[in-house]
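# Inside the fold
Read off the chains here:
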Amino acid sequence: INILLFFFFKQKTAYEISACLVGSEMCIRDRSGSMQGTRIQKTVEALTIFLKSLPEDCYFDIISFGTKFNSLHLNGLALKYSQQNIQLALNKVSSFQADMGGTEMLNPLTVILNKPTTQDYPRIVFILTDGAVMNTEYLLDLSLIHI
């Protein structure tokens, strides 16, 4: 599985970056048909590690995508870190399947990048996919606009 990792914030030193990792972590997760088999298992494992490794003072969300997309939380807002919210997320993540159709990441990425950030929490976006996404060039251009 290929894991693409993007950080969306202005260029900083390593020391400044480590302080910024407490933020509003958004994980965009591919659940398209191409993720069948071990690929989906590996992303469930990666998300489990991601959730268990979050800093306590952060907000987080997991956006699943395929032909359509949805947020971990029904209202689409990032959740404040708590043991209860982490457990809720772990329970949902463990049942994820590659059942969301095609690999269209443009809409969820656009929505995430255009959402207002939580005050004093930089937006950090992690993308887990097998790399078979549509509009790759446009996605990279969109990402660069928000750096």
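Residues numbered from 1 in each chain as written. Predicted model: local features only at pLDDT ≥ 70, side-chain atom pairs only at ≥ 80, totals over all residues. Heavy atoms only, no water.

### Re the overall build of the protein
Within the protein one finds 5 helices and 6 strands. Moving toward the C terminus, one meets the helices and strands of the protein in the order β-α-β-α-β-β-β-α-α-β-α. Relative to its full complement of 147 residues, the protein shows a buried share of 41%. Intrachain contacts of the protein at a sequence separation of at least 6 include 78% that bridge at least 24 residues. Surface summary for the protein: the accessible area is close to 8,100 Å², and the carbon and sulfur share equals 55%. (Helix = DSSP H or I, 4+ residues; strand = E, 2+ residues; numbered from the N terminus. Buried < 20%, exposed > 50% of the residue type's maximum accessible area, 1.4 Å probe, protein only. Contact = heavy atoms within 4.5 Å. Areas by Shrake-Rupley, 256 points an atom, 1.4 Å probe, with all protein chains shown as cover.)

### Notes on the confidence of the model for the protein
Overall, the predicted model of the protein reaches an average pLDDT of 79, with 83% of residues at or above 70. For the protein, per-element mean pLDDT is lowest for strand β1 (residues 3-5), which scores 43, and highest for helix α3 (residues 83-94), which scores 93. (pLDDT = per-residue confidence, 0-100.)

### Describing the nonpolar core
Leu 47, Leu 51, Leu 54, Phe 60 and Ile 62 are the most contacted members of the largest nonpolar core, which has 20 residues in total. At the level of elements, α2 (38-52), β3 (59-65), α3 and β6 (123-128) are the ones that each hand at least two residues to this core. Beyond its immediate sequence surroundings of up to four residues, Leu 51 is in contact with Phe 60, Ile 62, Ile 86, Ala 89, Leu 90 and Val 93. In this structure, Met 26, Met 105, Leu 109 and Val 133 belong to the second largest nonpolar core, which totals 13 residues. (Core = buried A, V, L, I, M, F, W, Y, C linked by side-chain atoms within 4.5 Å.)

### Structural notes on the pairing of β6
Within β6, 6 of the 6 residues are buried, leaving the element largely enclosed by the surrounding structure. Of the two faces of β6, both are covered, the one formed by Arg 123, Val 125 and Ile 127 as well as the one formed by Ile 124, Phe 126 and Leu 128. The sheet contact formed by strand β2 (residues 24-30) and β6 spans 6 bridges and is parallel. Within β6, the position partnered with Arg 29 by the bridge is Leu 128. (Pairing = 2+ DSSP bridges.)

### Topic: helix α4 (residues 106-114)
Along α4, the positions that sit buried rather than exposed are Pro 108, Leu 109, Ile 112 and Leu 113. For α4, the angular spread of the buried residues around the axis is 125°, confining them to a single face. Close packing links the buried residues of α4 with β2, β3, β4 (69-71), β6 and α5 (136-145). (Arc of directions from axis to C-beta.)

### Regarding the packing of α2 against α3
Closest axis-to-axis distance for the α2/α3 pair is 10 Å, and the angle between their directions is 175°. Classified by the angle their axes make, α2 and α3 are roughly antiparallel. Seen from α2, the contacting residues are Val 44, Leu 47, Thr 48, Leu 51 and Lys 52; seen from α3, they are Ile 86, Ala 89, Leu 90, Val 93 and Ser 94. Across the contact of α2 with α3, the residue classes tally to 7 nonpolar, 2 polar and 1 charged. (Axes fitted to C-alpha atoms, helices over the stretch in contact; angles between N-to-C directions. Parallel < 35°, antiparallel > 145°, perpendicular 65-115°, else oblique. Nonpolar A, V, L, I, M, F, W, Y, C, P; charged D, E, K, R; others polar.)

### Topic: the side chain of Asp 30
Structurally, Asp 30 is set in strand β2. Look at Asp 30: it is buried, it has no salt bridge, and the nearest opposite charge is Arg 29 at 7.4 Å. There is a polar contact of 2.6 Å between the side chain of Asp 30 and the side chain of Ser 32. Asp 30 has contacts with Met 35, Ile 40, Phe 65, Thr 103, Leu 128, Thr 129 and Asp 130, leaving out every residue within four places of it along the chain. (Lys, Arg positive; Asp, Glu negative; His and termini not counted. Salt bridge = Lys/Arg side-chain N within 4 Å of Asp/Glu carboxyl O. Polar contact = N/O pair within 3.5 Å; in protein donor to acceptor, adjacent residues only side chain to side chain.)

### Description of the packing of aromatic side chains
To describe a pair of aromatic rings, one takes the distance between the centres and the angle between the planes. Applying the stated criterion across every chain, the model contains 2 aromatic pairs. Taking 5.2 Å as the distance between ring centres and 70° as the angle between the ring planes, the aromatic pair formed by Phe 50 and Phe 126 counts as edge-to-face. Residue Phe 50 is found in helix α2, and its partner Phe 126 is found in strand β6; the two are separated by 76 residues along the sequence. For Phe 50, a relative accessible area of 14% gives the class buried. A residue is classified by how much of its surface remains accessible, and Phe 126, at 18% relative accessible area, is buried. Both rings, one in Tyr 59 and one in Tyr 121, keep their centres 5.0 Å apart while their planes meet at 85°; by these two values the pair is edge-to-face. Placement of Tyr 59 in strand β3 and of Tyr 121 in the loop between α4 and β6 is noted, with a sequence separation of 62 residues between them. Directly above the aromatic system of Phe 96 lies the positively charged group of Arg 31, at a separation of 4.3 Å from the ring centroid. (Phe/Tyr/Trp six-rings, centres within 6.5 Å; stacked < 30°, edge-to-face > 60°. Lys NZ or Arg CZ within 6 Å of the ring centre and 35° of its normal.)

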